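Coordinate analysis (summary)
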Amino acid sequence: MRSFLSKNNISLLLLSVTLAIMVGVGAIILHCVFDFFWSDILQTSTSGQRSQLVIVSGLISSVGWYFLQRQSNGIISLKKQIFPKTSSEQLPNFGRQMGHILLQIVTVGLGSPIGKEVAPREFGSLLSTYLAKKVSITAEERSVLVAASTVAGLAAIYQIPFASILFAFEIYRIPLTILNFLIIAITSYGATFIANIEISNAPMYHVASQPVNWSILVISSFMTLITIPTAKVFTSLSKSASKHRTKDRRILWQLPVVFVLLALLSYYFPSLLGNGSLLIQSSLDGMRLSDAVALFVLKFIIVLLCLRFGSYGGTMTPSISIGAVFGEVIVLLGGVLGWVKYSPIFIIISACSFLGVTMSAPFTAGMIVYSFIGFQESYMIPILISVGILFSFEFIVKKLK
């Protein structure tokens, strides 16, 4: 007990509290910036004005990321900040990284189809890299603090602290110790509490309680299994697109062309715009089969095009939206054939499965989706079954490798 309450450990816990406050305040600022562009500008515009704003978003994106990446070090990724190998990765250029963060928030707010969740994570990591530089800690302790503030950004912006804790251990592979758990928990829950001053913790997506029987559980299992191959294809293509992302002068025309395409499509399918929240709720509310097929194909393609030709951002909420509308397609087809009776549980299971595959983190994905629907009790067992299938699938694949 004495060794645990050492001066060094207490200092780390106090640093966690400091980071929680800073990340929470930062999340509020980013949320307000996003809300201004998304709610006050884009969502109040006519269809024609909205398409014009999307084109503006593409122009801002292309010019912004072109100039941000002209320097040799470029933009430092989250994993490189958590586990740095060079001095520039250990202490990224603050102005460049902040420009990169704000560019993501503004462009998604103006309709970019990429996720906004990376920006608050990068804000948290950026703060912690500079704070860690001011104190005397080991490389391992620094990695834990940076990872903690990274997931705290996710926790604060979406009000999902427990899912964010899982994120740190399942995705960043932070060693599970009591001290590490406390650092990450304090940072995540603290940032969430601070951000809740402005950011609502109400469910992001509204679902009604559903009766759960053996038929529902069997079909949920089937939905998971049928979603896995599609999600694997998307994961492979999105990783390839990000790896070969345009960073040179070609971004100045390639990315605007993609956004012109998005603007034209959004005139008829406005739920294509943004990080996927509109599409997820539309899928849960129900739609025609023809619309579901079109939205699945278009969202799948437009996200990949944006990543390939210069956009940065997350794939978490886009993955949930693609999974949700894919589930809608399968359920509606099953209904036409008389095999399946519609239930929003199946849409949620498909979304959870898709995210679990793209993140390679079934437990985190399950908790994120479960948090987004407000911990609706009747969805818990189907989600747990889906998570179990995904975990078993990942385990078998790793063994075969």
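An account of the accompanying structure is given in this report. Everything numeric in this text was worked out from a predicted model, so none of it was measured.

This part takes up the packing of aromatic side chains. One pass over the structure, following the stated rule, counts 16 aromatic pairs. Measuring from ring centre to ring centre gives 6.0 Å for F34 and W38, while their planes differ by 10°; the resulting arrangement is stacked. Taken together, the positions of F34 and W38, both in helix α1 (residues 7–42) and four residues apart, correspond to about one turn of that helix. Accessibility expressed as a relative area gives 8% for F34, which makes it buried. Between the aromatic rings of Y205 and F372, the centroid separation amounts to 5.9 Å while the plane-to-plane angle is 75°, which identifies the pairing as edge-to-face. With Y205 in the loop between α9 (178–195) and α10 (214–243) and F372 in helix α16 (residues 362–372), this residue pair connects regions lying 167 residues apart in the sequence. Here the two residues Y205 and F372 agree in accessibility, since each one is buried. Put simply, the rings of F234, F296, F300, F326 and F354 pair up and form one aromatic cluster. Across from the ring centre of F34, 4.0 Å away, lies the NZ or CZ of K116, which sits over that ring. Stacked on the ring of Y312, the Lys or Arg R245 has its end atom at 3.9 Å from the ring centre.

All right, on to the pattern of salt bridges then. Close approach of charged atoms lets side chains of opposite charge pair. The final tally for this structure, using the stated rule, is three salt bridges. The salt bridge involving D248 is made with R250; its shortest N-O contact spans 3.0 Å. According to the relative accessible area criterion, D248 is partly exposed, its value standing at 36%. We note a salt bridge from D291 to R288, for which the minimum N-O separation is 3.2 Å.

Here we come to helix α15 (residues 344–359). With 16 residues, α15 extends 23 Å between its outermost C-alpha atoms, agreeing within 8% with the 22 Å of an ideal straight helix rising 1.5 Å per residue. The element α15 is extensively covered by neighbouring structure, given that 16 of its 16 residues are classed as buried.

Glancing now at a nonpolar patch on the surface. Taken together, the side chains of F363, F391, F395, I396 and L400 present a nonpolar region at the surface, about 550 Å² in accessible area. For the nonpolar patch, the leading source of residues is helix α17 (residues 380–400), giving four residues. Residue position: F391 is located in helix α17.

Next up on the list: the nonpolar core. Counting 126 residues, the largest nonpolar core has Y172, I368 and I383 as the members making the most contacts within it. When residues in this core are grouped by element, the largest group, twelve residues, is from α1. Excluding residues within four positions of it along the chain, I368 makes contact with I160, A163, M316, I320, L355 and M359.

Given a rise of 1.5 Å per residue, 16 residues ought to cover 22 Å, and the 23 Å separating the end C-alpha atoms of helix α6 (residues 118–133) matches this to within 8%. For α6, the buried fraction is high: 13 of the 16 residues fall into the buried class.

With that settled, consider unusual backbone geometry. What is expected of a backbone is that most residues other than glycine have negative phi and most peptide bonds are trans. For S360, which is not glycine, the phi torsion reads 55° and is therefore positive. Counting through the fold element by element, S360 comes out in the loop between α15 and α16. Residue class for S360 comes out partly exposed when judged on its relative accessible area of 36%.

Analysis parameters
- Residues numbered from 1 in each chain as written.
- Predicted model: local features only at pLDDT ≥ 70, side-chain atom pairs only at ≥ 80, totals over all residues.
- Heavy atoms only, no water.
- Phe/Tyr/Trp six-rings, centres within 6.5 Å; stacked < 30°, edge-to-face > 60°.
- Helix = DSSP H or I, 4+ residues; strand = E, 2+ residues; numbered from the N terminus.
- Buried < 20%, exposed > 50% of the residue type's maximum accessible area, 1.4 Å probe, protein only.
- Lys NZ or Arg CZ within 6 Å of the ring centre and 35° of its normal.
- Salt bridge = Lys/Arg side-chain N within 4 Å of Asp/Glu carboxyl O.
- Expected span 1.5 Å × (residues − 1).
- Patch = residues over 30% accessible without salt bridge, like charges linked within 9 Å, V, L, I, M, F, W, Y side chains within 5 Å.
- Areas by Shrake-Rupley, 256 points an atom, 1.4 Å probe, with all protein chains shown as cover.
- Core = buried A, V, L, I, M, F, W, Y, C linked by side-chain atoms within 4.5 Å.
- Contact = heavy atoms within 4.5 Å.

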